[in-house]
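Commentary on secondary and tertiary structure
What follows is the residue order along each chain.
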Amino acid sequence: MGILEAIPQLFSYTFLLRALVVGLLLSLCSSLLGVSLVLKRFSMIGDGLSHVGFGSLAVATAFNWAPLAVSLPVVVIAAFLLLRLSERGRIKGDAAIALVSASALAIGVFIVSITTGMNTDIDSYLFGSILALKQEDVALSVALAIVVLLVYILLYQRIFAVTFDESYARATGIRVDRYNTMFALLTALTIVLGMRMVGALLISSLIIFPALSSMWLCRRFSAVTLCAAIIAVACFVMGMLLSLTLRAPTGASIVLANLAVFVVFFVVHKVRQHSRS
């Protein structure tokens, strides 16, 4: 089946249409959040929270608890914990993320191994599955997208200040801690919802790749943010079509599409540099 033949299928089946809506919204949210996280040198929080999310989901599955009801508060608490450890504790940045993520992943794998074992539900959280998406995922994704878009539209100037210079932001009266907490909360929600589709091992790439790709060609914060959003949405659609065409895993296909765009933008950046010199 070719790519052109795969396009109608996206709108022909309920589960694919559901995945398309959720994926587009989550890609948009992750790209917007990713720009600020990358510029603040805190991009690996996505990877850390995804491991925490997998650990909590694995524990919830092992004990037959509601996955979202368990994972959402756990990941949110972990996000706040990482933020506090990085800002005020002796354990800084990547070390704090590695500590929390590795511990959560080990706990999840250990409990699953001695109870239910690695079953289909656990694999879907680890590697992602469009079949695992439900109607509640669509509703939560729509709500999250509305919140993220409103935050960036209404608070753009303050987000810009907090992202580039926290000292200046504090001097102008901006409550930097509140904005960092807001970033952590929205990132945690995006991670938990995105794990159902892309998987815990790959969800952080949706946060990092679009931001890094757009930075090769754009310099202004507004341009980087807009370009990252466009890249994220386009790569998601490309990944979905690639997955349907080659019958490949959806999460891996989306990440490979992001990787391809990153490489292309990097080459374009180098060519532009060479031509200017």
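A short tour of the structure in this document, coming up. (Residues numbered from 1 in each chain as written. Predicted model: local features only at pLDDT ≥ 70, side-chain atom pairs only at ≥ 80, totals over all residues. Heavy atoms only, no water.)

Comments concerning the pattern of salt bridges
Taken as a whole and assessed by the stated rule, the structure comprises three salt bridges. Residues glutamate 166 and lysine 40 are paired through a salt bridge, measuring 2.6 Å at the closest nitrogen-oxygen approach. With glutamate 166 in helix α9 (residues 166-171) and lysine 40 in the loop between α2 (14-39) and α3 (45-62), this residue pair connects regions lying 126 residues apart in the sequence. For lysine 40, a relative accessible area of 22% puts it in the partly exposed group. Of the charged contacts in the structure, one is a salt bridge between arginine 170 and glutamate 166, with a shortest N-O distance of 3.7 Å. With arginine 170 and glutamate 166 both in helix α9, this residue pair falls four residues apart, about one helical turn. Connected through shared salt-bridge partners, Lys40, Glu166, Arg170 and Asp177 make up one network. (Salt bridge = Lys/Arg side-chain N within 4 Å of Asp/Glu carboxyl O. Helix = DSSP H or I, 4+ residues; strand = E, 2+ residues; numbered from the N terminus. Buried < 20%, exposed > 50% of the residue type's maximum accessible area, 1.4 Å probe, protein only.)

Concerning the packing of helix α12 (residues 221-246) against helix α13 (residues 250-276)
For the pair α12 and α13, the least separation of the axes is 7 Å and the interaxial angle reads 130 degrees. Classified by the interaxial angle, the pair formed by α12 and α13 is oblique. Every pair of crossing elements has a handedness; the one defined by α12 and α13 is right-handed. Together, Cys227, Ile231, Cys235, Phe236, Met238, Gly239, Met240, Leu242 and Ser243 of α12 and Thr250, Ser253, Ile254, Ala257, Asn258, Val261 and Phe265 of α13 make up the contact between the two elements. The class makeup of the residues in the contact of α12 with α13 is eleven nonpolar, five polar and no charged. (Axes fitted to C-alpha atoms, helices over the stretch in contact; angles between N-to-C directions. Parallel < 35°, antiparallel > 145°, perpendicular 65-115°, else oblique. Left-handed = near helix turned anticlockwise from the far one by under 90°. Contact = heavy atoms within 4.5 Å. Nonpolar A, V, L, I, M, F, W, Y, C, P; charged D, E, K, R; others polar.)

Some thoughts on α12
Counted at 1.5 Å a residue, the expected span for α12 with its 26 residues is 38 Å, and the 37 Å between its end C-alpha atoms agrees. Looking one or two residues past α12, arginine 247 carries a phi angle of roughly 55 degrees, positive in sign. (Expected span 1.5 Å × (residues − 1).)

Treat this as a map of the structure, not an account of what it does.
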